[in-house]
Amino acid sequence: MEIKRIGVIGAGQMGSGIAQVAAAAGYAVVLMDMAPEQLEKGMAIIRKNLGRQVEKGRMAEEEKETILGRIQTTHELEVAATEADLVIEAVVENMEVKTGIFRQLDSLCPSHAILASNTSSLPITEIAAATKRPEKVIGMHFMNPVPVMKLVEVIRGLATADAVFQTVKELAIRMGKEPVEVNDFPGFVSNRVLMPMINEAIYAVYEGVATPEAVDQVMKLGMNHPMGPLTLADFIGLDTCLYIMETLYEGFGDSKYRPCPLLRKYVKAGWLGRKSGRGFYVYE
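Remember, predicted model here, so these are calculated numbers, not experimental data.

Draft legend 1. Main features of helix α10 (residues 229-236). Within α10, burial applies to P229, L230, A233 and D234. Viewed along the axis of α10, the buried residues span an arc of 145°, placing them on a single side of the element. Looking at the packing, one finds that the buried side of α10 touches α8 (190-206), α9 (212-223) and α11 (238-252). After α10 finishes, the residue G237 shows a positive phi value of roughly 110°.

Next comes the structure, spelled out in C-alpha coordinates:
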(Lines give C-alpha, C1' and ligand atoms only; values in the text may rest on other atoms or scores of the structure.)
Protein backbone atom coordinates (compact mmCIF):
# COMPACT_ATOMS: atom_id res chain seq x y z
CA MET A 1 0.00 0.00 0.00
CA GLU A 2 1.29 3.46 -0.93
CA ILE A 3 1.10 6.26 1.63
CA LYS A 4 0.63 9.73 0.13
CA ARG A 5 -1.35 11.70 2.69
CA ILE A 6 -0.84 11.58 6.47
CA GLY A 7 -3.06 12.99 9.18
CA VAL A 8 -1.42 13.90 12.50
CA ILE A 9 -3.77 14.31 15.46
CA GLY A 10 -2.36 16.58 18.17
CA ALA A 11 -0.04 19.54 17.54
CA GLY A 12 1.98 19.31 20.74
CA GLN A 13 5.71 18.65 20.92
CA MET A 14 5.38 15.11 19.55
CA GLY A 15 2.67 15.80 16.97
CA SER A 16 4.41 18.83 15.50
CA GLY A 17 7.67 16.88 15.29
CA ILE A 18 5.95 13.99 13.51
CA ALA A 19 4.30 16.41 11.07
CA GLN A 20 7.69 17.99 10.35
CA VAL A 21 9.53 14.75 9.57
CA ALA A 22 6.59 13.45 7.50
CA ALA A 23 6.49 16.64 5.41
CA ALA A 24 10.30 16.61 5.05
CA ALA A 25 10.00 13.05 3.70
CA GLY A 26 7.70 14.31 0.94
CA TYR A 27 4.27 13.44 2.34
CA ALA A 28 1.22 15.71 2.28
CA VAL A 29 0.38 16.29 5.95
CA VAL A 30 -2.73 17.54 7.72
CA LEU A 31 -1.90 18.60 11.29
CA MET A 32 -5.00 18.74 13.49
CA ASP A 33 -5.58 20.15 16.97
CA MET A 34 -8.82 21.41 18.51
CA ALA A 35 -6.98 24.21 20.36
CA PRO A 36 -6.12 27.09 17.97
CA GLU A 37 -3.27 28.31 20.21
CA GLN A 38 -1.71 24.82 20.26
CA LEU A 39 -1.90 24.56 16.48
CA GLU A 40 -0.19 27.94 16.15
CA LYS A 41 2.44 26.93 18.69
CA GLY A 42 3.06 23.62 16.88
CA MET A 43 3.59 25.35 13.53
CA ALA A 44 5.88 27.91 15.20
CA ILE A 45 8.03 25.04 16.51
CA ILE A 46 8.22 23.53 13.02
CA ARG A 47 9.22 26.87 11.47
CA LYS A 48 11.84 27.38 14.17
CA ASN A 49 13.31 23.89 13.67
CA LEU A 50 13.49 24.29 9.89
CA GLY A 51 14.87 27.82 10.25
CA ARG A 52 17.76 26.45 12.32
CA GLN A 53 18.54 23.99 9.52
CA VAL A 54 18.70 26.89 7.06
CA GLU A 55 20.94 28.93 9.40
CA LYS A 56 23.33 25.99 9.73
CA GLY A 57 23.50 25.55 5.95
CA ARG A 58 21.90 22.10 6.07
CA MET A 59 18.84 23.21 4.12
CA ALA A 60 18.05 25.85 1.52
CA GLU A 61 15.35 28.45 2.18
CA GLU A 62 13.40 27.08 -0.80
CA GLU A 63 13.41 23.57 0.70
CA LYS A 64 12.15 24.95 4.00
CA GLU A 65 9.24 26.67 2.26
CA THR A 66 8.48 23.51 0.25
CA ILE A 67 8.27 21.45 3.45
CA LEU A 68 6.03 24.04 5.15
CA GLY A 69 3.86 24.07 2.01
CA ARG A 70 3.15 20.35 2.47
CA ILE A 71 1.59 20.93 5.91
CA GLN A 72 -2.07 21.90 6.13
CA THR A 73 -3.56 22.75 9.53
CA THR A 74 -7.10 22.21 10.78
CA HIS A 75 -9.19 22.20 13.96
CA GLU A 76 -11.50 19.50 12.55
CA LEU A 77 -10.81 15.78 12.86
CA GLU A 78 -12.83 15.13 9.71
CA VAL A 79 -10.49 17.26 7.58
CA ALA A 80 -7.43 15.34 8.83
CA ALA A 81 -9.08 11.93 8.39
CA THR A 82 -11.33 11.72 5.34
CA GLU A 83 -8.58 11.58 2.68
CA ALA A 84 -5.75 10.16 4.79
CA ASP A 85 -3.88 6.98 3.89
CA LEU A 86 -2.46 6.90 7.40
CA VAL A 87 -3.29 8.80 10.59
CA ILE A 88 -0.86 9.14 13.49
CA GLU A 89 -2.48 10.03 16.81
CA ALA A 90 -0.26 12.00 19.22
CA VAL A 91 -2.59 13.25 21.96
CA VAL A 92 -2.49 13.00 25.76
CA GLU A 93 -1.46 9.62 27.21
CA ASN A 94 -4.93 8.63 28.33
CA MET A 95 -6.71 5.46 27.19
CA GLU A 96 -10.22 6.93 27.28
CA VAL A 97 -9.16 9.91 25.14
CA LYS A 98 -7.25 7.75 22.67
CA THR A 99 -9.99 5.15 22.19
CA GLY A 100 -12.52 7.95 21.68
CA ILE A 101 -10.37 9.42 18.91
CA PHE A 102 -9.80 6.01 17.30
CA ARG A 103 -13.56 5.32 17.20
CA GLN A 104 -14.04 8.60 15.36
CA LEU A 105 -11.12 7.96 13.02
CA ASP A 106 -12.49 4.52 12.23
CA SER A 107 -15.75 6.06 11.00
CA LEU A 108 -14.13 8.99 9.17
CA CYS A 109 -11.07 7.46 7.48
CA PRO A 110 -11.15 5.57 4.16
CA SER A 111 -11.38 1.79 4.55
CA HIS A 112 -7.76 1.31 3.42
CA ALA A 113 -6.31 3.80 5.95
CA ILE A 114 -3.88 2.69 8.66
CA LEU A 115 -4.44 4.08 12.17
CA ALA A 116 -1.28 4.51 14.25
CA SER A 117 -0.79 5.67 17.82
CA ASN A 118 2.28 7.42 19.19
CA THR A 119 1.47 6.09 22.66
CA SER A 120 4.51 5.59 24.87
CA SER A 121 3.04 2.87 27.07
CA LEU A 122 -0.64 2.04 26.46
CA PRO A 123 -1.64 -1.29 24.86
CA ILE A 124 -2.15 -1.13 21.08
CA THR A 125 -4.47 -4.15 21.24
CA GLU A 126 -6.89 -2.29 23.52
CA ILE A 127 -6.77 0.84 21.33
CA ALA A 128 -7.40 -1.32 18.24
CA ALA A 129 -10.43 -2.95 19.91
CA ALA A 130 -12.20 0.42 19.78
CA THR A 131 -12.26 0.15 15.96
CA LYS A 132 -13.71 -2.19 13.34
CA ARG A 133 -10.27 -2.46 11.67
CA PRO A 134 -7.95 -3.84 14.38
CA GLU A 135 -5.75 -5.39 11.69
CA LYS A 136 -4.96 -1.84 10.47
CA VAL A 137 -4.07 -0.43 13.92
CA ILE A 138 -0.42 -0.21 14.97
CA GLY A 139 1.88 1.67 17.34
CA MET A 140 4.47 4.18 16.10
CA HIS A 141 6.29 5.38 19.22
CA PHE A 142 8.58 8.24 18.18
CA MET A 143 11.21 9.58 20.57
CA ASN A 144 11.41 13.20 21.73
CA PRO A 145 12.57 15.43 20.06
CA VAL A 146 11.17 13.74 16.94
CA PRO A 147 13.28 15.55 14.28
CA VAL A 148 16.50 14.54 16.08
CA MET A 149 15.94 11.07 17.54
CA LYS A 150 16.33 8.12 15.18
CA LEU A 151 14.29 5.44 16.94
CA VAL A 152 10.68 4.54 16.22
CA GLU A 153 9.25 1.60 18.16
CA VAL A 154 6.80 -0.10 15.78
CA ILE A 155 4.36 -2.01 17.95
CA ARG A 156 2.15 -4.80 16.68
CA GLY A 157 -1.23 -5.25 18.32
CA LEU A 158 -2.69 -8.73 18.61
CA ALA A 159 -4.46 -8.38 15.25
CA THR A 160 -2.04 -6.11 13.33
CA ALA A 161 -1.60 -7.41 9.77
CA ASP A 162 1.90 -8.17 8.44
CA ALA A 163 1.31 -5.91 5.43
CA VAL A 164 0.40 -3.01 7.75
CA PHE A 165 3.56 -3.57 9.79
CA GLN A 166 5.68 -3.62 6.63
CA THR A 167 4.08 -0.43 5.29
CA VAL A 168 4.69 1.43 8.56
CA LYS A 169 8.26 0.13 8.78
CA GLU A 170 9.01 1.44 5.27
CA LEU A 171 7.32 4.74 6.14
CA ALA A 172 9.56 5.17 9.19
CA ILE A 173 12.65 4.49 7.10
CA ARG A 174 11.58 7.07 4.52
CA MET A 175 11.19 9.55 7.39
CA GLY A 176 14.86 8.95 8.20
CA LYS A 177 14.12 6.84 11.27
CA GLU A 178 15.31 3.43 12.49
CA PRO A 179 12.21 1.28 13.08
CA VAL A 180 12.47 -1.45 15.71
CA GLU A 181 9.76 -4.11 15.95
CA VAL A 182 8.27 -4.48 19.42
CA ASN A 183 5.40 -6.61 20.71
CA ASP A 184 2.49 -5.22 22.69
CA PHE A 185 3.45 -5.17 26.39
CA PRO A 186 3.12 -2.30 28.91
CA GLY A 187 5.81 0.32 28.25
CA PHE A 188 7.04 -1.65 25.22
CA VAL A 189 10.88 -1.72 25.45
CA SER A 190 11.91 1.93 25.80
CA ASN A 191 9.79 2.93 28.77
CA ARG A 192 9.83 -0.50 30.41
CA VAL A 193 13.60 -0.04 30.79
CA LEU A 194 13.88 3.76 31.08
CA MET A 195 11.10 4.63 33.51
CA PRO A 196 12.09 2.23 36.33
CA MET A 197 15.61 3.72 36.10
CA ILE A 198 14.18 7.24 36.44
CA ASN A 199 11.91 6.07 39.27
CA GLU A 200 14.88 4.53 41.10
CA ALA A 201 16.83 7.78 40.67
CA ILE A 202 13.89 9.59 42.30
CA TYR A 203 13.93 7.06 45.16
CA ALA A 204 17.65 7.85 45.67
CA VAL A 205 16.69 11.50 46.22
CA TYR A 206 13.61 10.59 48.29
CA GLU A 207 15.65 8.37 50.63
CA GLY A 208 18.42 10.95 51.02
CA VAL A 209 21.07 8.92 49.21
CA ALA A 210 22.13 11.94 47.14
CA THR A 211 20.97 15.25 45.69
CA PRO A 212 19.44 15.40 42.19
CA GLU A 213 22.67 16.99 40.94
CA ALA A 214 24.77 14.16 42.42
CA VAL A 215 22.52 11.42 41.00
CA ASP A 216 22.69 12.99 37.53
CA GLN A 217 26.48 13.41 37.73
CA VAL A 218 26.97 9.75 38.66
CA MET A 219 24.93 8.60 35.67
CA LYS A 220 26.58 11.04 33.26
CA LEU A 221 30.18 10.53 34.35
CA GLY A 222 29.97 6.89 35.42
CA MET A 223 27.55 5.45 32.85
CA ASN A 224 28.28 7.90 30.00
CA HIS A 225 24.63 9.01 29.77
CA PRO A 226 24.34 12.30 27.83
CA MET A 227 21.71 13.52 30.32
CA GLY A 228 21.12 12.54 33.94
CA PRO A 229 17.87 10.66 34.73
CA LEU A 230 16.38 13.52 36.77
CA THR A 231 17.17 16.12 34.11
CA LEU A 232 15.61 13.73 31.61
CA ALA A 233 12.54 13.28 33.82
CA ASP A 234 12.09 17.07 33.93
CA PHE A 235 12.44 17.16 30.13
CA ILE A 236 9.85 14.40 29.60
CA GLY A 237 7.47 15.85 32.20
CA LEU A 238 7.04 14.39 35.67
CA ASP A 239 3.31 13.92 35.08
CA THR A 240 4.12 11.81 32.01
CA CYS A 241 6.69 9.81 33.99
CA LEU A 242 4.12 9.15 36.72
CA TYR A 243 1.47 8.10 34.22
CA ILE A 244 3.83 5.63 32.54
CA MET A 245 4.94 4.18 35.88
CA GLU A 246 1.28 3.74 36.86
CA THR A 247 0.64 1.99 33.53
CA LEU A 248 3.57 -0.37 34.16
CA TYR A 249 2.47 -0.99 37.76
CA GLU A 250 -1.09 -1.73 36.70
CA GLY A 251 -0.06 -3.77 33.66
CA PHE A 252 2.41 -6.06 35.42
CA GLY A 253 1.12 -5.96 39.01
CA ASP A 254 4.75 -6.00 40.18
CA SER A 255 5.89 -3.80 43.08
CA LYS A 256 9.14 -2.96 41.29
CA TYR A 257 7.09 -0.58 39.13
CA ARG A 258 5.52 1.27 42.10
CA PRO A 259 5.91 5.04 41.51
CA CYS A 260 8.07 6.80 44.09
CA PRO A 261 6.00 8.88 46.58
CA LEU A 262 8.22 11.89 45.83
CA LEU A 263 7.24 11.70 42.16
CA ARG A 264 3.56 11.73 43.16
CA LYS A 265 4.14 14.67 45.51
CA TYR A 266 5.88 16.77 42.84
CA VAL A 267 3.10 16.12 40.34
CA LYS A 268 0.42 17.05 42.91
CA ALA A 269 2.37 20.26 43.62
CA GLY A 270 2.36 21.11 39.92
CA TRP A 271 6.13 20.66 39.70
CA LEU A 272 6.09 18.95 36.31
CA GLY A 273 9.58 19.81 35.07
CA ARG A 274 10.60 22.15 32.28
CA LYS A 275 7.07 22.81 31.05
CA SER A 276 5.95 24.20 34.44
CA GLY A 277 9.25 25.91 35.29
CA ARG A 278 10.07 23.59 38.17
CA GLY A 279 10.67 19.89 38.76
CA PHE A 280 13.85 18.47 40.23
CA TYR A 281 15.46 21.67 38.96
CA VAL A 282 14.22 25.25 38.59
CA TYR A 283 13.92 26.67 35.07
CA GLU A 284 13.72 30.34 34.20
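Having seen it, we continue.
Draft legend 2. Local environment of the UniProt feature "domain: 3-hydroxyacyl-CoA dehydrogenase C-terminal" (unreviewed entry) in the protein. As annotated in UniProt, the feature "domain: 3-hydroxyacyl-CoA dehydrogenase C-terminal" (unreviewed entry) corresponds to residues 187-283 in the numbering used here. Split by type, residues 187-283 is 63% helix and 0% strand. Its first and last C-alpha atoms lie 28 Å apart.

Draft legend 3. Structural view of the side chain of S16. For S16, the position within the fold is in helix α1 (residues 13-24). Reaching out from S16, the side chain makes a polar contact with the backbone oxygen of G12 at a distance of 2.8 Å. If we skip the residues at most four places from it in the chain, S16 touches G10, A11, G42, I45 and I46.

Draft legend 4. Examining the pattern of salt bridges more closely. Going through the model one piece at a time under the given rule, you end up with 10 salt bridges. For K98, the salt bridge goes to E89, with nearest N and O atoms at 2.4 Å. The class for E89 is buried, based on a relative accessible area of 0%. With a shortest N-O distance of 2.7 Å, D106 and R133 are connected by a salt bridge. With a gap of 27 residues between them, D106 in helix α5 (residues 95-108) and R133 in the loop between α6 (124-128) and β6 (137-142) connect regions that are remote in the sequence. R133 shares its class with D106; the two are buried. A cluster of three or more residues bridged by salt bridges with shared partners is formed by E61, K64 and E65.

Draft legend 5. Spatial organisation of the nonpolar core. Among the nonpolar cores identified, the biggest contains 39 residues, and I6, L31, I88, M140, F142 and M175 are the most heavily contacted of them. In terms of residues, this core owes the most to one element, α1, which gives 6 residues. Once you skip the residues sitting within four places of it in the chain, I88 turns out to touch I6, G7, V8, I9, I18, A116, M140, F142 and M175. Counting residues in each nonpolar core, the second largest holds 24 residues, with A204, C260, L262 and Y281 among its members.

Draft legend 6. A look at the sheet that holds strand β1 (residues 5-9). In space, the 8 strands of this open sheet follow the order β3-β2-β1-β4-β5-β6-β7-β8, with mixed pairing throughout. Either end of the sheet is taken by a strand with one partner, and the two such strands are β3 (71-74) and β8 (178-183). Between one strand axis and the next, the sheet turns through 25° on average, direction left out of account. When strand β4 (residues 86-89) meets strand β5 (residues 114-117), the two strands line up parallel, connected through 4 bridges.

Draft legend 7. Main features of the packing of α1 against helix α2 (residues 36-55). Between α1 and α2, the shortest axis-to-axis distance is 9 Å and the interhelical angle comes to 50°. Comparing their axes, α2 and α1 come out oblique. Read as a crossing pair, α1 and α2 show a hand that is right-handed. Residues S16, A19 and Q20 of α1 form the contact with α2, whose participating residues are G42, I45, I46, N49 and L50. A per-class count over the contact of α1 with α2 returns 4 nonpolar, 4 polar and no charged.

Draft legend 8. Fine view of the UniProt feature "binding site: NAD(+)" (unreviewed entry) in the protein. Within this structure's numbering, the places UniProt gives as "binding site: NAD(+)" (unreviewed entry) are G10, A11, G12, Q13, M14, G15, D33, E93, K98, S120, N144 and K275. For M14, the location among the structural elements is in helix α1. Take N144: it is sitting in the loop between β6 and β7 (151-156). On the basis of relative accessible area, N144 is assigned to the partly exposed category, the value being 24%. Discounting residues that sit within four places of it in the chain, N144 has contacts with Q13, M14, M149 and F235. There is a polar contact of 3.4 Å between the side chain of N144 and the side chain of Q13.

Draft legend 9. Structural detail: the domain arrangement of the protein. You can read the domains of the protein as domain 1 (5-183) and domain 2 (191-274). Contacts between the two partners involve 9 residues from domain 1 and, on the opposite side, 5 residues from domain 2. Both faces combined, the contact of domain 1 with domain 2 buries some 570 Å², and carbon together with sulfur accounts for 55% of it. For the domain 1 face of the interface with domain 2, the top three residues by lost area are E93, S120 and S121, together amounting to 53%.

Cut-off values and rules
Residues numbered from 1 in each chain as written. Predicted model: local features only at pLDDT ≥ 70, side-chain atom pairs only at ≥ 80, totals over all residues. Heavy atoms only, no water. Buried < 20%, exposed > 50% of the residue type's maximum accessible area, 1.4 Å probe, protein only. Helix = DSSP H or I, 4+ residues; strand = E, 2+ residues; numbered from the N terminus. Arc of directions from axis to C-beta. Contact = heavy atoms within 4.5 Å. UniProt positions renumbered as here; feature names shortened; annotations may be inferred. Polar contact = N/O pair within 3.5 Å; in protein donor to acceptor, adjacent residues only side chain to side chain. Salt bridge = Lys/Arg side-chain N within 4 Å of Asp/Glu carboxyl O. Core = buried A, V, L, I, M, F, W, Y, C linked by side-chain atoms within 4.5 Å. Pairing = 2+ DSSP bridges. Axes fitted to C-alpha atoms, helices over the stretch in contact; angles between N-to-C directions. Parallel < 35°, antiparallel > 145°, perpendicular 65-115°, else oblique. Left-handed = near helix turned anticlockwise from the far one by under 90°. Nonpolar A, V, L, I, M, F, W, Y, C, P; charged D, E, K, R; others polar. Domains from an automatic or database assignment. Buried area = accessible area lost by both parts, 1.4 Å probe.

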